[in-house]
Number of protein chains: 2
Amino acid sequence: MREPHHDTSSPKPAPKAVVGRLSLYLRQLESFGRQGRETVSSSQLGQALGLNDAQVRKDLAYFGQFGQPGLGYRIDDLVVEIRGILGVDRDWPTALIGLGNLGRALLGYKGFRLRRFRVVSLFDNDPRKQGHAFDGLPVRHTDELPAAVADEGLRLAMICVPADAAQRVADQVVSAGIRGILNFAPTSLFVPPEVSVVAVDLSVQLEHLAYSVHNLHGSGATDDVSAAG
Amino acid sequence: MREPHHDTSSPKPAPKAVVGRLSLYLRQLESFGRQGRETVSSSQLGQALGLNDAQVRKDLAYFGQFGQPGLGYRIDDLVVEIRGILGVDRDWPTALIGLGNLGRALLGYKGFRLRRFRVVSLFDNDPRKQGHAFDGLPVRHTDELPAAVADEGLRLAMICVPADAAQRVADQVVSAGIRGILNFAPTSLFVPPEVSVVAVDLSVQLEHLAYSVHNLHGSGATDDVSAAG
């Protein structure tokens, strides 16, 4: 059995595509669970997601030994395991910074709440936005980030400010002690090695789509899964 | 010299992370060009993006032979090459389907226009939205997709409808002849092999961030770049 990475003292990151598929497995397993199913085979899980069973087994083996040969996986157990691996078995108090159209859309994005990513603080340095409240949350200046981290235990930040403000905001987020940033600004952020950044440059993702349509055919399912990570 | 994949008769998809970095190279090269620079070395390009020069050379070699050893890359030429590889050297008339908060935010997302992804048609099957216009574009029923493809040459569709409506809408998009889908609905879409789907499940990306913060340290820059693809 391979030592689960999340237990090792010097963890090696799982490939991004593997973590992305792990999220998809979790969604599918939860869906099977809601249907009252108790077990699933790697081929059944793969079939529901357009993947072959070898891929499913290889991805899960990356994190440890789950299920039993011939019997498949116990759905409840595997859901708990994957939630633990992903770290979504706990709440993630999250700050949303930048209340433009995208920021306000993200505030209403139900997918986050389903995953225990709770937006608990809003920040925007536009004086016209301060004092206002969205979803009952007041909009504060980013100078108040350190206080919010102390009071609300913020662990993640979603940065939805214009590109030219993003690095300055990221520096404030990092110095406030937040270690995870979801960056929606179309620019690269430079952060210390102990901070993780996931960039969501939607135009980069549209470019990947353009590349696929322009150059490839028959990669729909693969793209779908890999891009989800 | 390796045959550029976009010229081969049976193209093999470039790894998603490579295509994502290609988009980042393009942005950085355009920025260098605006600064009046004419040439750049792989180490200068990599440094600006937090990558080493070997990675830059390996990624570009995937698509062909660019630049000259010792002299580096001519910025103007490489920009043209990368735009051609990505397929962003032409307009991509795009349909936006689903005008909830997220759809309306995407309509205002400037990053798309910079990349010649022009949203030219809006669709929403909520009768209360039909007849309305956003950004001067009328909202139509998805039954009008085939006519819009014929009239406006739609090539891509952004699906921003609720999860339970996404597959039905995707089927309409595909039967209307659109071959590229950017899927914002938090569900997997099944499409024929000739159709490419890039999924943007924002909660999956937040889960990757949670995984990074929960399990890893020191992967910030890598995550930033890989996730951008």
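Residues numbered from 1 in each chain as written. Chains lettered and ligands numbered in written order. Predicted model: local features only at pLDDT ≥ 70, side-chain atom pairs only at ≥ 80, totals over all residues. Heavy atoms only, no water.

**A short note on the packing of helix α1 (residues 16-34) of chain A against helix α2 (residues 42-49) of chain A**
For any two helices packed against each other, the geometry is given by the interaxial angle and the distance between the axes. Residues and elements named next belong to chain A. The condition that has to hold: Only C-alpha atoms enter the line fits that serve as axes; for helices the fit covers just the stretch in contact. Angles between N-to-C directions range over 0 to 180 degrees. Strands are runs of DSSP state E lasting at least two residues, helices are runs of H or I lasting at least four, and both sets are numbered from the N terminus onward. Roughly parallel means an angle under 35 degrees; roughly antiparallel, over 145; roughly perpendicular, 65 to 115; everything else is oblique. Note on contacts: a residue pair is in contact if any heavy atoms of the two residues lie within 4.5 Å. Residues are sorted three ways: Asp, Glu, Lys and Arg are charged, Ala, Val, Leu, Ile, Met, Phe, Trp, Tyr, Cys and Pro are nonpolar, and all the rest, Gly among them, are polar.
Contact pair α1 / α2: the axes reach a minimum separation of 10 Å and the direction vectors enclose 105 degrees. Comparing the axis directions of α1 and α2 gives the class roughly perpendicular. Residues Leu-24, Tyr-25, Gln-28, Leu-29 and Phe-32 of α1 pack against Gln-44, Leu-45, Ala-48 and Leu-49 of α2. Class assignment of the residues belonging to the contact of α1 with α2 gives a composition of seven nonpolar, two polar and no charged.

**Considerations on the packing of aromatic side chains**
So the rule is basically this: Two rings from Phe, Tyr or Trp (for Trp, the six-membered ring) form a pair when their centres sit within 6.5 Å of each other. Planes less than 30 degrees apart are called stacked, planes more than 60 degrees apart edge-to-face, and all others tilted. Note on exposure labels: buried denotes an accessible area under 20% of the residue type's maximum, exposed denotes more than 50%, and partly exposed covers the range between, all computed with a 1.4 Å probe on protein chains only. Throughout this description, the term charge over a ring refers to an Arg CZ or Lys NZ atom that lies within 6 Å of the ring centre and within 35 degrees of the ring normal.
Tallying each qualifying case throughout the model produces four aromatic pairs over all chains. When the ring of Tyr-211 of chain A is compared with that of Phe-63 of chain B, the centres are 6.2 Å apart and the planes differ by 90 degrees; the resulting orientation is edge-to-face. With Tyr-211 of chain A in helix α9 (residues 202-215) and Phe-63 of chain B in the loop between α3 (53-61) and β2 (73-74), the pair connects residues from two separate chains. The class for Tyr-211 of chain A is buried, based on a relative accessible area of 1%. Grouping aromatic residues by their ring pairs yields a cluster made of Tyr-62 and Phe-63 of chain A together with Tyr-211 of chain B. The lysine or arginine in question, Arg-37 of chain A, covers the ring of Phe-32 of chain A, its NZ or CZ lying 4.3 Å from the ring centre.

**Topic: the UniProt feature "DNA-binding region" (unreviewed entry) in chain A**
Under the convention used in this document: UniProt positions are given in the numbering used here, feature names are shortened, and annotations may be inferred rather than shown by experiment.
Taken from the UniProt record, the annotation "DNA-binding region" (unreviewed entry) applies to residues 24-63 of chain A. In residues 24-63 of chain A, helix accounts for 70% and strand for 5%; the two terminal C-alpha atoms are 15 Å from one another.

**Re the interface of chain A and chain B**
As a reminder of what qualifies: Summed over both partners, the accessible area lost on bringing two parts together, with a 1.4 Å probe, is the buried area. Every case where a carboxyl oxygen of Asp or Glu lies within 4 Å of a side-chain nitrogen of Lys or Arg is listed as a salt bridge. Any pair of nitrogen or oxygen atoms within 3.5 Å is treated as a polar contact; in protein, a donor-acceptor pairing is required on top of that, and neighbouring residues in sequence qualify only through side-chain atoms on both sides.
Each partner contributes residues to the interface: chain A has 78 residues there, and chain B has 78 residues. Carbon and sulfur atoms make up 66% of the surface buried where chain A meets chain B, a total of about 6,800 Å² over both sides. On the chain A side of the contact with chain B, Leu-206, Glu-207 and Tyr-211 of chain A bury the most area, a combined 10% of that side's loss. Linking chain A to chain B there are two salt bridges. Linking Arg-27 of chain B and Glu-207 of chain A is a salt bridge whose minimum nitrogen-to-oxygen distance equals 3.4 Å. Summed over the shared surface of chain A and chain B, the result is ten residue pairs in polar contact (both at pLDDT 80 or more). Broken down by element, the side of chain A that touches chain B gets its largest block of residues, 14 residues, from α9 of chain A. Of the residues belonging to the side of chain A that touches chain B, the class tally is 43 nonpolar, 23 polar and twelve charged.

**Comments concerning the sheet that holds strand β5 (residues 133-134) of chain B**
Rules: Strands are treated as partners if at least two bridges between them are detected by DSSP.
Spatial ordering of the open sheet is given by β5-β6-β4-β3-β7-β8-β9 (chain B), a layout of seven strands whose pairing is mixed. Each of the sheet's edge strands pairs with one partner strand only, and the pair in question is β5 and β9 (196-199) of chain B. In this structure, strand β8 (residues 180-183) of chain B lies alongside β9 of chain B, joined through four bridges in parallel fashion. If you follow Leu-182 of chain B over to β9 of chain B, its bridge partner there is Val-198 of chain B. Docked against the sheet, α9 of chain A engages β3 (92-97), β4 (117-123), β7 (156-159), β8 and β9 of chain B, running at close to 165 degrees with respect to β9 of chain B. This element, helix α7 (residues 145-152) of chain B, spans β3, β4 and β6 (137-140) of chain B of the sheet and lies at about 150 degrees to β4 of chain B.

**With respect to the relation of the copies chain A and chain B**
Note the cut-off: The copies were overlaid with a least-squares fit restricted to C-alpha atoms from residues scoring a pLDDT of at least 70 in each copy.
Of the two same-sequence chains, chain A is brought onto chain B (RMSD 0.0 Å, axial shift 0.0 Å) by a rotation of 180 degrees. The operation mapping one copy onto its partner corresponds to a two-fold rotation axis. Of the residues that chain A buries at the interface, 100% are likewise interface residues in chain B, meaning the two copies contact each other through the same surface.

**Notes on the pattern of salt bridges**
Residues and elements named next belong to chain A. As enumerated under the stated definition, the model contains 22 salt bridges over all chains in all. As a salt-bridge pair, Asp-126 and Arg-128 come within 3.1 Å of each other at their nearest N and O atoms. Where Asp-126 meets Lys-129, a salt bridge forms, and the shortest distance between an N and an O atom there is 4.0 Å. In this pair, the class of Asp-126 matches that of Lys-129, namely buried. The network of salt bridges with shared partners includes Asp-124, Asp-126, Arg-128 and Lys-129.

**As for the environment of Tyr-109 of chain A**
Among the structural elements, Tyr-109 of chain A can be located in the loop between α5 (101-107) and α6 (110-114). Residue classification places Tyr-109 of chain A among the buried residues on the basis of a relative accessible area of 10%. Residue contacts for Tyr-109 of chain A: discarding those within four places in its chain leaves Leu-102, Phe-184, Pro-186, Asp-201, Leu-202 and Ser-203 of chain B.

**Things to note about α2 of chain A**
All names here are of chain A. For clarity, the cut-off: Along the arc lie the directions from the helix axis toward the C-beta atoms.
Listing the buried residues of α2 in full gives Ser-42, Leu-45, Gly-46 and Leu-49. Burial along α2 is one-sided: seen end-on, the buried residues are contained in an arc of 95 degrees. Just beyond α2, the residue with positive phi is Gly-50, at close to 75 degrees.

**Let's talk about the side chain of Glu-30 of chain B**
Topologically, Glu-30 of chain B is positioned in helix α1 (residues 16-34). Excluding anything up to four places from it in sequence, Glu-30 of chain B contacts Val-79, Arg-83 and Arg-115 of chain B.

**Some details on the sheet that holds strand β3 (residues 92-97) of chain A**
With mixed pairing, seven strands are arranged side by side in an open sheet as β5-β6-β4-β3-β7-β8-β9 (chain A). Bordering the open sheet on either side are β5 (133-134) and β9 (196-199) of chain A, each of which pairs with just one other strand. Two elements, strand β7 (residues 156-159) of chain A and strand β8 (residues 180-183) of chain A, share four bridges in a ladder whose sense is parallel. Across the sheet, Ala-157 of chain A pairs through a bridge with Ile-181 of chain A, a residue of β8 of chain A. Strands in contact with helix α7 (residues 145-152) of chain A are β3, β4 (117-123) and β6 (137-140) of chain A; relative to β4 of chain A, the strand with the most contacts, it is inclined by about 150 degrees. Seen against the sheet, helix α9 (residues 202-215) of chain B touches β3, β4, β7, β8 and β9 of chain A and runs at an angle of roughly 165 degrees to β9 of chain A.

**Quick word on the packing of α1 of chain B against helix α4 (residues 75-86) of chain B**
Residue and element names in this part refer to chain B. Cut-off, in case you're wondering: A crossing counts as left-handed when the near helix is turned anticlockwise from the far one by less than a right angle, and as right-handed when that turn is clockwise.
Contact geometry for α1 and α4: axes closest at 10 Å, N-to-C directions at 145 degrees. The element α1 and its partner α4 pack so that their crossing is left-handed. Contact with α1, carried on its side by Val-19, Leu-22, Ser-23, Tyr-25, Leu-26, Leu-29, Glu-30, Phe-32 and Gly-33, involves Ile-75, Leu-78, Val-79, Ile-82, Arg-83, Ile-85 and Leu-86 of α4 and no other residues of that element. For the contact of α1 with α4, a count of residues per class yields twelve nonpolar, two polar and two charged.

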